[in-house]
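An overview of the molecular structure
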Amino acid sequence: MDTALDTPLRFVIHSDFAEGRQVQHAILEEITRHHFGPDATFAIRLALEEALINAIKHGNKFDPNKVVRVEASITPQIAEIIVEDEGTGFQRACVPDPTTDENVERIHGRGVMLIESYMDEVNWQSGGRRIRMVRRNDDAGR
Amino acid sequence: MDTALDTPLRFVIHSDFAEGRQVQHAILEEITRHHFGPDATFAIRLALEEALINAIKHGNKFDPNKVVRVEASITPQIAEIIVEDEGTGFQRACVPDPTTDENVERIHGRGVMLIESYMDEVNWQSGGRRIRMVRRNDDAGR
Amino acid sequence: MSESPARLNVTQQKDVSIVEFTENKILDEMNITEIGQALDVIVQSKDRPKLLLDFANVDHLSSAALGMLINVNTKLKQQNGQLRLASIRPQIMEVFVITKLNRLFRISATRAEAFGSFE
Amino acid sequence: MSESPARLNVTQQKDVSIVEFTENKILDEMNITEIGQALDVIVQSKDRPKLLLDFANVDHLSSAALGMLINVNTKLKQQNGQLRLASIRPQIMEVFVITKLNRLFRISATRAEAFGSFE
Ligand SMILES: Nc1ncnc2c1ncn2[C@@H]1O[C@H](COP(=O)(O)OP(=O)(O)O)[C@@H](O)[C@H]1O
Ligand SMILES: Nc1ncnc2c1ncn2[C@@H]1O[C@H](COP(=O)(O)OP(=O)(O)O)[C@@H](O)[C@H]1O
């Protein structure tokens, strides 16, 4: 797998959606600057948003004393993004599948599966407090 | 699981696409008569077509001396369709996944996975020579 | 419908309430709560409500927005109402397919087709 | 393009060949071979061909039709050409998503958007 060589973008934000959105915008600007195609851009925007909301809401539980750390390494070929919160983590395997007949009318629980569907590689680290996600710019030169 | 109570429709056809299409039309008329919704109708049309093509092409290899047997049991709630050829069968587990990066540009090999995606229940029987597929009319009363 | 926030454009055609999302992102949790409330008002304003949501302008969607739509659908069903979604762009359609919510919602290609599909 | 079978409607707009499927089912193996051949003619008629396929009328699609489209795409790429798909109906879009072919093809909501996306 390619690794990103540029110096990564780093952010430390409070547990606040507005600050999360600023980080999302900054990273997406970088994605655009590196000429990511429409599908990769859509995927990264979606996954990043879900990861940020989860870190702020489920991880830090909106605690103003806790921060979320974000790191993005972006090259024209690939984007690697890490989002880390200061919560208690969670077990990926224990999140129920939202696509089963029993669960499809439940209001919550689609963020994690969307992240995994749209990114090429996803690792949950540090007991679930840190997520690392990788997406190739497969649209480049298509 | 519901079982179909009406007398099933039965067809025996030669290894010929035109005859296959007639069976497909007859079964879809029955599906419409039982007020299946648009998504269930789409699913059944697609799965039935793929199963018939596979039976005629891969199963019977267009052999004019071999027949394809089709049985459809349809109620307003559920459709159960069985397609059986006289070929040598195949191992479902040995059909490669067409959605992987290596296979996504291959021209063949999507019929079986489409059948399994669109039907609620699929069983390969008799060494792969017979397929049994079930689809609920989930759109009923939606 | 002067109460509905600027991000929705609501029109009434016969007995169908047609709601057009006017912003391309209906993602922000705050927006979503507001939109959900505005749709609730429409749903609760009559018996057997018919609601048509036009997604032509929507080019991003979060899991929270999906939850809001499920919520609206559930409330509609409780009142014997009907929900139709229309004009969903390809990237957004992918989200519905991946989450299998295209099996829960009735989705039409165009607003006219959705309109014609109410029972 | 008088050779192209009746099931295709071919027009030329600047350097883009726009092909509209005029039948709602492009399923039958015989049809598919014919359609594939007609598209080949267009692809081979020039260098760096630009092909826009309009699916507005298509409401059914088989795995054989998907294979034909992949074939066209591969040939186009060999000639440094570009393929765009447009106006795909929701049920057909589901087929592309399930097979993950929406990652292989460039799909736009409308013909105009697809036209604007050629490089
Ligand atoms: N960063 C996190 N810290 C703790 N728990 C998390 C985190 N991310 C996800 N989870 C857990 O996983 C569940 C599923 O998350 P998700 O799929 O995003 O759906 P939703 O946010 O709608 O519940 C959450 O309800 C939560 O219990
Ligand atoms: N009825 C059958 N009899 C024998 N082999 C079959 C049958 N159905 C499917 N197969 C095998 O499974 C493979 C995959 O089938 P399918 O997914 O429909 O794709 P395709 O028909 O494009 O090859 C076929 O190439 C064939 O080897």
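For the structure, check the block above.
Description of the structure in this document. (Residues numbered from 1 in each chain as written. Chains lettered and ligands numbered in written order. Predicted model: local features only at pLDDT ≥ 70, side-chain atom pairs only at ≥ 80, totals over all residues. Heavy atoms only, no water.)

Before going further, it helps to spend a moment on the site of ligand 1. All names here are of chain A. Near ligand 1, the surroundings consist of 13 residues, among which N54, H58, D85, G109 and V112 are the closest. In the model, an oxygen atom of ligand 1 is placed 2.7 Å from a nitrogen or oxygen of the H58 side chain. Between ligand 1 and the protein, one listed contact pairs an oxygen atom with a backbone N or O atom of G111 at 3.0 Å. For ligand 1, the accessible surface in isolation is 540 Å², of which the surrounding protein chains cover 82%. Residue assignment for the shell around ligand 1 shows that the elements contributing at least two residues are α2 (38-59) and α3 (111-118). (Near = heavy atom within 4 Å. Polar contact = N/O pair within 3.5 Å; in protein donor to acceptor, adjacent residues only side chain to side chain. Areas by Shrake-Rupley, 256 points an atom, 1.4 Å probe, with all protein chains shown as cover. Helix = DSSP H or I, 4+ residues; strand = E, 2+ residues; numbered from the N terminus.)

With that settled, the discussion passes to the site of ligand 2. All names here are of chain B. Every one of the 13 residues lining ligand 2 counts as a neighbour, but N54, H58, D85, G109 and V112 are closest to it. Residue H108 places a side-chain N or O atom 3.2 Å away from an oxygen atom belonging to ligand 2. Between an oxygen atom of ligand 2 and a main-chain N or O atom of V112, the distance comes to 2.8 Å. Burial of ligand 2 by the protein amounts to 81% of the accessible area it has alone, namely 530 Å².

Taken together, the contact between chain C and chain A spans 24 residues of the former and 23 residues of the latter. Carbon and sulfur atoms supply 58% of the area buried between chain C and chain A, which totals about 2,100 Å² over both sides. There are one salt bridge connecting chain C and chain A. The shortest N-O distance in the salt bridge between K77(C) and E105(A) comes to 3.4 Å. Seen at the junction of chain C and chain A, the total is six residue pairs in polar contact (both at pLDDT 80 or more). (Contact = heavy atoms within 4.5 Å. Buried area = accessible area lost by both parts, 1.4 Å probe. Salt bridge = Lys/Arg side-chain N within 4 Å of Asp/Glu carboxyl O.)

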